[in-house]
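# Inside the fold
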Amino acid sequence: MSHARAVDTPSPPNQPTALSTGVVVAGVKNYATAFTDPSFLRGVWFVLRFAVVLIPVQMLVSLAVALVLDALTTHLARIARLMIFLPYAIPAVIGALMWGFLYSPTFGPMQQLANIFGANAPFLLGPDLVFFGLMNVVTWQWAGYYMIIIYAALQGIDSSIYEAARMDGANAWQIAFRIKVPMVSSALLLILVFALIGTLQFFSEPQILRPLSNGTITPDFTPNIYAFSQAFSYANFNYASAISFALGIVVFIAVYVFLFFTRKRGSVFT
């Protein structure tokens, strides 16, 4: 079954030409071009949508795991923390290659298992599923790191607070959601900022998986990939630099707006 599709490779925009007397200074032209470039804007729109879906999923997974591990008092909790944190210790390139092998429609174990039943495994790098396929890779890699941050915050809570809550008749669920979660809200806010910045700069995973996507991950899939393509595929370093700075502006605005709406109470969770 073929998953290939035609790909329109974005061509570099027109740049100022060099005169015999020297190089023409572009000024702000490259930045104006970037913010009207459909390829750049399409990549920004993708990472914004990706952040809206990915970040809540990462938060819920890491918070749930941290709450469970905080409630455990056996040696199993230490082993579980290590195993859940381990994906973060794996380099992003190696992790992406591992998932590329799992996703492969030709030699991947998912397809091999599907062959037993005479079926085709879903191609998680195809046009319809690449969003969720990449979300799975990023969640797997970063949820453990965020879990450690939340777990460390939970360990800093005075245990006498839990004892007082139990004496007042609070059960485990009430302690978790009415005491623990509000008291680690600053850690959750920190994770939100980290996740937002990282998602808007999305590059490593789609770039590594791009050759395996059969054209789904294009040279303008995300702003960082687009800047990379402009610089190293077209030697268009000036415009690539402008795209990079333009992305920095987008990240700054997004983080500033988020912090602006959470500044009064210090957190969106309290």
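Residues numbered from 1 in each chain as written. Predicted model: local features only at pLDDT ≥ 70, side-chain atom pairs only at ≥ 80, totals over all residues. Heavy atoms only, no water.

### Remarks on the confidence of the model for the chain
Selection rule: Each residue carries a pLDDT score, the predictor's confidence in it, ranging from 0 to 100. Should any heavy atoms of two residues lie within 4.5 Å, those residues are counted as being in contact.
For the chain, per-residue confidence averages 86 on the pLDDT scale, and 87% of positions sit at 70 or higher. Within the model, pLDDT remains below 50 along residues 1–7, and this stretch shows 13 contacts once partners closer than five positions in the same chain are excluded. Scored below 50 in pLDDT, residues 266–270 shows 13 contacts in the model against residues more than four places distant or in partner chains.

### Things to note about the packing of aromatic side chains
For the record, the criterion: When two rings of Phe, Tyr or Trp (its six-membered ring) have centres within 6.5 Å they constitute a pair, described as stacked for plane angles under 30 degrees, edge-to-face for angles over 60, and tilted for the intermediate range. The helix count covers DSSP runs of H or I at least four residues long, the strand count covers runs of E at least two residues long, and both are numbered beginning at the N terminus. Categorising residues by exposure relies on relative accessible area from a 1.4 Å probe, with only protein chains included: less than 20% of the type maximum marks a residue as buried, more than 50% marks it as exposed, and the intermediate range marks it as partly exposed. The rule is short: NZ of Lys or CZ of Arg within 6 Å of the ring centre and within 35 degrees of the ring normal puts a charge over the ring.
For the structure shown, the criterion picks out 24 aromatic pairs. Their ring planes at 45° and their centres at 4.9 Å tell us that phenylalanine 228 and phenylalanine 232 sit as a pair that is tilted. A residue pair is termed a helical-turn pair when its members lie 3 or 4 positions apart in one helix, as phenylalanine 228 and phenylalanine 232 do in helix H11 (residues 223–232) at 4 residues. With a relative accessible area of 59%, phenylalanine 232 lands in the exposed category. Connected via pairs of aromatic rings, a cluster forms that spans Phe46, Phe50, Phe131, Phe132, Phe202 and Phe221. Over the ring of tyrosine 162 we find lysine 180, and its NZ or CZ is 5.2 Å from the ring centre.

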